[in-house]
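Chain residues, written in single-letter form:
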Amino acid sequence: MSESETVENLETTTSPVVHAVADTGAPPQSPSHQTKVKVDVLLKPAGDAPIMKKKRWAVERSMKVASICEFIKKYIKCDPADSMFLYVRQSFAPSLDTSVGILFDCYGSDGKLVLHYCKTAAWG
């Protein structure tokens, strides 16, 4: 099985809300200048968080950190009232209204964004 087949689409497994990419009104760019619509996100457990069977997900750039937290809670079958913390580079927790695309542009490496999740505060 190839690496691209193991990456799943986060939107199809969560809420029925579809995140669309905003139309900027600019003329279409050539394929070499287009940005990726989806970002590969690698979710790693930290502290007392359970391990997810699938760790790599394809996430739309416009998806917010809060949506990823809710998805993780559902996937690992946590109580909705439980806390979920996400960390970038094992050092800081991004704001819940930050989009994944911005985090990827600033902190992504090797074509993916690595986020650590935890049920209790771990870093930062």
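What counts, and at which threshold
- Residues numbered from 1 in each chain as written.
- Predicted model: local features only at pLDDT ≥ 70, side-chain atom pairs only at ≥ 80, totals over all residues.
- Heavy atoms only, no water.
- Helix = DSSP H or I, 4+ residues; strand = E, 2+ residues; numbered from the N terminus.
- Buried < 20%, exposed > 50% of the residue type's maximum accessible area, 1.4 Å probe, protein only.
- Contact = heavy atoms within 4.5 Å.
- Polar contact = N/O pair within 3.5 Å; in protein donor to acceptor, adjacent residues only side chain to side chain.
- Salt bridge = Lys/Arg side-chain N within 4 Å of Asp/Glu carboxyl O.
- Phe/Tyr/Trp six-rings, centres within 6.5 Å; stacked < 30°, edge-to-face > 60°.

Peer 1: In this structure, what is going on with the environment of P94? I would like to understand it.
Peer 2: The topology assignment puts P94 in the loop between β4 (85-88) and α4 (100-107). Overall, the relative accessible area of 11% leaves P94 in the buried class. Taking C-alpha positions, P94 is 7.5 Å from V65, a pair spaced 29 residues apart along the chain. Sequence-distant contacts of P94, that is, excluding residues within four places in its chain, are made with V65, L86, Y87, V88 and L103.

Peer 1: Explain the side chain of D40 here, please?
Peer 2: With respect to the helices and strands, D40 occurs in strand β2 (residues 38-45). The class of D40 is buried, set by a relative accessible area of 18%. Within polar-contact distance, the side chain of D40 engages the side chain of R56 at 3.1 Å.

Peer 1: Just checking my understanding: could you explain the pattern of salt bridges for this structure?
Peer 2: Side chains bearing opposite charge may pair, as long as their charged atoms lie close to each other. Inspection of every chain in the model, using the stated rule, returns 3 salt bridges. A salt bridge links D40 to R56, with the shortest nitrogen-to-oxygen separation between them at 3.1 Å. In this pair, D40 is assigned in strand β2 and R56 in strand β3 (residues 56-60), connecting sequence segments 16 residues apart. Summarising the burial analysis for this pair, D40 and R56 share the class buried. D105 serves as the salt-bridge partner of R61, at 2.6 Å between the closest nitrogen and oxygen.

Peer 1: Would you explain the packing of aromatic side chains in this entry?
Peer 2: Here a ring pair, both rings aromatic, is described through the centre-centre distance and the interplanar angle of the planes. Applying the stated rule across the entire model yields 4 aromatic pairs. Relative to F71, the ring of W57 has its centre 4.9 Å away and its plane inclined at 75°; by these criteria the two rings are edge-to-face. With W57 in strand β3 and F71 in helix α3 (residues 65-75), the pair connects residues that are 14 residues apart, well separated along the chain. As far as burial versus exposure is concerned, W57 and F71 are alike and both buried. Ring pairs connect the aromatic residues W57, F71 and Y75, which therefore count as one cluster.

Peer 1: How should unusual backbone geometry be read in this particular structure?
Peer 2: Leaving glycine out, the prevailing phi sign among residues is negative, and the prevailing peptide bond configuration is trans. One non-glycine residue with positive phi stands out, namely R89, at about 55°. Examined against the element boundaries, R89 turns out to sit in the loop between β4 and α4. Not every positive phi belongs to a glycine, and Q90 is a case in point at roughly 55°.

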